[in-house]
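As a plain string of letters, each chain reads:
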Amino acid sequence: MSESSAEAVVAATANVAGAAGAANWRRAGIAGAAIGVLAAGAAAGVAVERLTVGRGMRKKARLALDATGPYGSLRGTPGRAVADDGTELYYEIDEVEVAPTTAGEGASGSRRRRLFGRKAPAPVTVVFSHGYCLGQDSWHFQRAALRGLVRAVYWDQRSHGRSGRGRSQADGVPVGIDQLGRDLKAVIDAAAPEGPVVLAGHSMGGMTMMALADQYPALIRDRVAAVALIGTSSGKLGEVNFGLPVAGVNAVRRVLPGVLKALGSQAELVEKGRRATADLFAGLIKRYSFGSKDVDPAVARFAERLIEATPIDVVAEFYPAFTEHDKSGALPGFRDVPVLILAGDKDLVTPSSHSEAIADVLPDAELVIVPDAGHLVMLEHPETVTDRLADLLVRSGTVPAANVGGHGSTAQQPGR
């Protein structure tokens with residue numbers, strides 16, 4: 001999950017826990033009439049599941065999936081970039097697999113490079129930027145399908161995954177989308193300092209790319225070969241209703257910033273409450289992450305683990321950035337390269353209408369609206385997302401068409 005959805009989910013979880021009478025939540029002073037508004041709408045889709053499946057059985061299922069699920073197990077060569085405020089940003093590189101040559105050919109090639117000073121051109125690098133409350137492992141299926149075919153960089157945004165907590169935020173500076181754009185620039189400088197770059201971003205990751213384009217137009221013009229914007233938005237996120245009735249949305253917009261601030265100030269207590277209400281939390285994640293009813297339980301649990309790993313104070317400190325986000329003016333910077341715009345038709349977090357608005361500014365882009373798909377479309381329908389990404393790479397000349405074979409699928413062994 002990404003952007004406002006995760007905070008909505010976490011706030012809803014906390015609120016329901018308070019309404020249910022958990023003493024810890026009451027002592028934190030968070031429970032109240034306004035707190036249940038979001039939970040009321042979000043929990044509606046969870047009620048049947050909670051009534052028909054026992055808590056003990058759900059807990060055992062989660063433990064079993066945690067023990068056996070290979071999702072998120074793919075690893076590459078690790079590296080670290082340093083942001084402009086000193087924050088360490090963790091990334092991994094998957095290199096292109098090169099067919100072995102004979103000893104004679106290798107020696108001959110080495111001699112030519114020594115004698116004539118020839119240097120092989122830098123390969124194209126695909127840089128994947130993840131969404132809010134996720135991490136680089138959210139690209140698991142795309143990574144499994146594309147690894148070895150193209151040089152790829154997967155990185156964790158500040159305060160997410162294996163990256164360090166934002167140093168500026170520790171000093172009280174609010175995090176903003178512009179900061180994330182500068183972070184992406186630091187990662188590109190460290191992991192792909194030369195050669196063409198393809199940018200792929202989901203949700204907050206797409207916004208990060210827009211901020212990069214806004215601040216570094218020369219980089220986009222000189223080095224970016226293609227762009228993929230998945231389940232993202234160029235602005236007006238404050239108007240998203242999260243699938244709630246009008247009255248509920250208005251109440252949420254009034255109270256959510258204050259509730260999140262309160263939650264962030266009680267991080268340890270909130271994390272205990274979130275663990276205590278794991279079954280409700282799982283149902284909320286499912287509602288706001290997926291659009292179809294038959295999501296692989298292992299994939300759903302994988303999404304839970306990604307989101308659970310994001311501390312509540314990080315959830316809270318990022319929220320204002322999304323309501324203030326407006327990068328529609330940066331989109332024309334992508335007009336001269338192949339662009340893929342993709343969204344789920346049931347996305348409650350960054351509705352497909354936001355992708356259509358981006359396509360209005362980029363009329364030559366390929367717009368794909370995936371049926372029965374929610375916000376985590378790359379996990380819910382990995383074959384579709386990877387197919388379109390692979391086609392984008394072929395159209396941009398990044399990989400030959402003949403090299404693109406079977407793509408990521410929840411039906412295959414995902415830990416390939």
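Since this is a predicted model, take the numbers as computed values, not measurements.

**Student:** So what exactly am I meant to see when it comes to the overall build of the protein chain here?
**Tutor:** A count of helical and extended segments in the protein chain gives 19 helices and eight strands. The buried share of the protein chain, reckoned over its 416 residues, is 55%. Of the contacts formed within the protein chain by residues at least 6 apart in sequence, a portion of 82% connects residues at least 24 apart. Total accessible area on the protein chain is roughly 17,100 Å²; 53% of this is exposed by carbon and sulfur atoms.

**Student:** Explain the packing of helix 9 (residues 177–191) against helix 10 (residues 204–215) to me, please; I cannot follow it from the model alone.
**Tutor:** Here helix 9 crosses helix 10 at 80 degrees, and the two axes come no closer than 7 Å. The orientation of helix 9 with respect to helix 10, classified from their angle, is roughly perpendicular. Seen from helix 9, the contacting residues are I177, D178, L180, G181, R182, L184, K185 and I188; seen from helix 10, they are M204, M207, T208, M209, A211, L212, D214 and Q215. Looking at the contact of helix 9 with helix 10 residue by residue, the classes come out as nine nonpolar, three polar and four charged.

**Student:** How should the nonpolar core be read in this particular structure?
**Tutor:** In globular proteins that are soluble, nonpolar side chains generally tend to be buried together. Ranked by internal contacts, the top residues of the largest apolar core, which has 60 residues, are F128, F290, F318, F322, L342 and L379. No other element matches the seven residues that helix 15 (residues 297–308) contributes to this core. Counting residues in hydrophobic clusters, the runner-up holds 34 residues, among them A83, Y91, A186 and L212.

**Student:** What's the story with the pairing of strand 4 (residues 151–155) in this structure? I'm lost.
**Tutor:** Of all five residues that make up strand 4, five are buried, and the element is covered over most of its length. Of the two faces of strand 4, the one carrying R151, V153 and W155 and the one carrying A152 and Y154 are both buried. Summarising the sheet, strand 2 (residues 88–94) and strand 4 pair through four bridges and their orientation is antiparallel. Looking at strand 4, one finds that D94 is bridged to A152. Where strand 3 (residues 125–129) lies against strand 4, five bridges are found, and the strand directions are parallel. Within the sheet, the bridge partner assigned to V127 lies in strand 4 and is V153. With helix 7 (residues 140–146) bridging strand 3 and its parallel neighbour strand 4, the resulting β-α-β unit is right-handed.

**Student:** Sorry, what's going on with the confidence of the model for the protein chain here?
**Tutor:** Do not read the fine detail of predicted coordinates wherever pLDDT is low. Looking at the protein chain as a whole, its pLDDT mean stands at 78, while 65% of the residues score no less than 70. Segment residues 1–54 is flagged for pLDDT under 50; beyond a separation of four residues in sequence, or across chains, it makes 114 contacts in the model.

**Student:** Just to check I follow, could you spell out the pattern of salt bridges for this structure?
**Tutor:** Close approach of charged atoms lets side chains of opposite charge pair. Counted according to the given criterion, the structure contains 23 salt bridges. The partner of E304 in a salt bridge is R301, with the nearest N and O atoms 2.8 Å apart. On the criterion of helical spacing, the pair formed by E304 and R301 is a turn pair, its members being three residues apart in helix 15. According to the relative accessible area criterion, E304 is buried, its value standing at 7%. A salt bridge links R395 to D391; the shortest N-O distance between them is 3.0 Å. Here R395 pairs with D391, and both are found in helix 19 (residues 382–395), just four residues apart, close to one helical turn. The class for R395 is partly exposed, based on a relative accessible area of 40%.

**Student:** Got a minute to help me understand unusual backbone geometry in this structure?
**Tutor:** Across residues other than glycine, the phi torsion is negative in most instances, and most of the peptide bonds are trans. Positive phi is not limited to glycine here, since C133 has a value of about 65 degrees. Turning to its location among the elements, C133 is positioned in the loop between strand 3 and helix 7. For C133, a relative accessible area of 1% gives the class buried. Despite not being glycine, K236 shows a phi value in the positive range, around 65 degrees. On the secondary structure map, K236 appears in the loop between strand 6 (224–230) and helix 12 (246–265).

**Student:** Please clarify how the sheet that holds strand 2 should be interpreted in this entry.
**Tutor:** By way of backbone hydrogen bonds, the strands of a sheet pair with one another, either parallel or antiparallel. Strands sit in the order 1-2-4-3-5-6-7-8 across an open sheet of eight strands; the sheet is mixed. Strands with a single pairing partner mark the edges of an open sheet, and in this sheet they are strand 1 (77–82) and strand 8 (366–370). Strand-to-strand twist across the sheet, computed as the mean angle between neighbouring axes with direction ignored, equals 20 degrees. Lying on the sheet, helix 19 is in contact with strand 3, strand 5 (197–202), strand 6, strand 7 (339–344) and strand 8; it crosses strand 7 at an angle near 175 degrees.

**Student:** Would you mind going over the environment of A309 with me for this structure?
**Tutor:** Within the fold, A309 resides in the loop between helix 15 and helix 16 (312–324). Taking the C-alpha atoms as reference points, A309 and C133, separated by 176 residues in sequence, lie 7.8 Å from one another.

**Student:** How do you make sense of the packing of aromatic side chains when you look at a structure like this?
**Tutor:** Given two aromatic rings, their pairing is described by the distance between the two centres and the angle made by the two planes. Following the criterion strictly, the structure yields six aromatic pairs and no others. Taken together, a centroid distance of 4.9 Å and an interplanar angle of 45 degrees make the contact between Y132 and F322 tilted. Taken as a pair, Y132 in the loop between strand 3 and helix 7 and F322 in helix 16 lie far apart in primary sequence, 190 residues in all. An aromatic cluster is defined as three or more aromatic residues linked by ring pairs; in this entry it consists of Y71, F141 and F302. The ring centre of Y216 lies 5.2 Å from the NZ or CZ of K185, which sits over that ring. Geometry around Y288 places R287 over its ring, the cationic atom sitting 5.5 Å from the centre.

Reading the values: the criteria
Residues numbered from 1 in each chain as written. Predicted model: local features only at pLDDT ≥ 70, side-chain atom pairs only at ≥ 80, totals over all residues. Heavy atoms only, no water. Helix = DSSP H or I, 4+ residues; strand = E, 2+ residues; numbered from the N terminus. Buried < 20%, exposed > 50% of the residue type's maximum accessible area, 1.4 Å probe, protein only. Contact = heavy atoms within 4.5 Å. Areas by Shrake-Rupley, 256 points an atom, 1.4 Å probe, with all protein chains shown as cover. Axes fitted to C-alpha atoms, helices over the stretch in contact; angles between N-to-C directions. Parallel < 35°, antiparallel > 145°, perpendicular 65-115°, else oblique. Nonpolar A, V, L, I, M, F, W, Y, C, P; charged D, E, K, R; others polar. Core = buried A, V, L, I, M, F, W, Y, C linked by side-chain atoms within 4.5 Å. Pairing = 2+ DSSP bridges. Right-handed = clockwise from strand over helix to strand, strands pointing away. pLDDT = per-residue confidence, 0-100. Salt bridge = Lys/Arg side-chain N within 4 Å of Asp/Glu carboxyl O. Phe/Tyr/Trp six-rings, centres within 6.5 Å; stacked < 30°, edge-to-face > 60°. Lys NZ or Arg CZ within 6 Å of the ring centre and 35° of its normal.

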